[in-house]
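A look at the structure
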Amino acid sequence: MPTNEKEINCYLFDQLTILDDLQEVAEKENATETLKLISKKRKQVERKLYQQPPLINE
């Protein structure tokens, strides 16, 4: 379990990296439904990553 905000942010950046990789393949395959889902998931991760105030108040 993450213990601080920096660690949580690392997990969220890892998720964005995975979404980037999936998007690259989906674009090559012209998978429009998959691209829509990737876009939705990216927004969800970014909302957590860039929220104000931060996830954990120190």
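Residues numbered from 1 in each chain as written. Predicted model: local features only at pLDDT ≥ 70, side-chain atom pairs only at ≥ 80, totals over all residues. Heavy atoms only, no water.

1. Some details on helix α1 (residues 5-28)
Between its terminal C-alpha atoms α1 stretches 35 Å, which fits the 34 Å expected from 24 residues at 1.5 Å a residue. Of the positions making up α1, those classed as buried are Glu5, Ile8, Asn9, Leu12, Leu16, Leu19 and Ala26. Looking at the buried residues of α1, the elements they touch are α2 (32-49). Capping of α1 at its N-terminal end is provided by Asn4; its side-chain oxygen lies 3.2 Å from the backbone amide nitrogen of Lys6. Downstream of α1 by a residue or two, Asn30 has a phi angle that is positive, lying close to 60°. (Helix = DSSP H or I, 4+ residues; strand = E, 2+ residues; numbered from the N terminus. Expected span 1.5 Å × (residues − 1). Buried < 20%, exposed > 50% of the residue type's maximum accessible area, 1.4 Å probe, protein only. Contact = heavy atoms within 4.5 Å. Polar contact = N/O pair within 3.5 Å; in protein donor to acceptor, adjacent residues only side chain to side chain.)

2. Details of the packing of α1 against α2
Where α1 contacts α2, the axes come no closer than 10 Å and their chain directions differ by 165°. With respect to α2, the element α1 is oriented roughly antiparallel. As for the relative orientation of α1 and α2, their crossing is left-handed in sense. The residues of α2 that touch α1, namely those facing Asn9, Leu12, Phe13, Gln15, Leu16, Leu19, Asp20, Leu22, Gln23, Ala26 and Glu27, are Thr34, Leu35, Ile38, Lys41, Arg42, Val45, Glu46, Lys48 and Leu49. Split by residue class, the contact of α1 with α2 holds 10 nonpolar, 4 polar and 6 charged. (Axes fitted to C-alpha atoms, helices over the stretch in contact; angles between N-to-C directions. Parallel < 35°, antiparallel > 145°, perpendicular 65-115°, else oblique. Left-handed = near helix turned anticlockwise from the far one by under 90°. Nonpolar A, V, L, I, M, F, W, Y, C, P; charged D, E, K, R; others polar.)

3. Comments concerning the nonpolar core
Judged by nonpolar contacts, Ile8, Leu12, Leu16, Leu19, Ala26, Ala31, Ile38, Val45 and Leu49 together constitute the single largest core of 9 residues. Every element with two or more residues in this core is listed here: α1 and α2. Top contributing element to this core by residue count: α1, with 5 residues. (Core = buried A, V, L, I, M, F, W, Y, C linked by side-chain atoms within 4.5 Å.)

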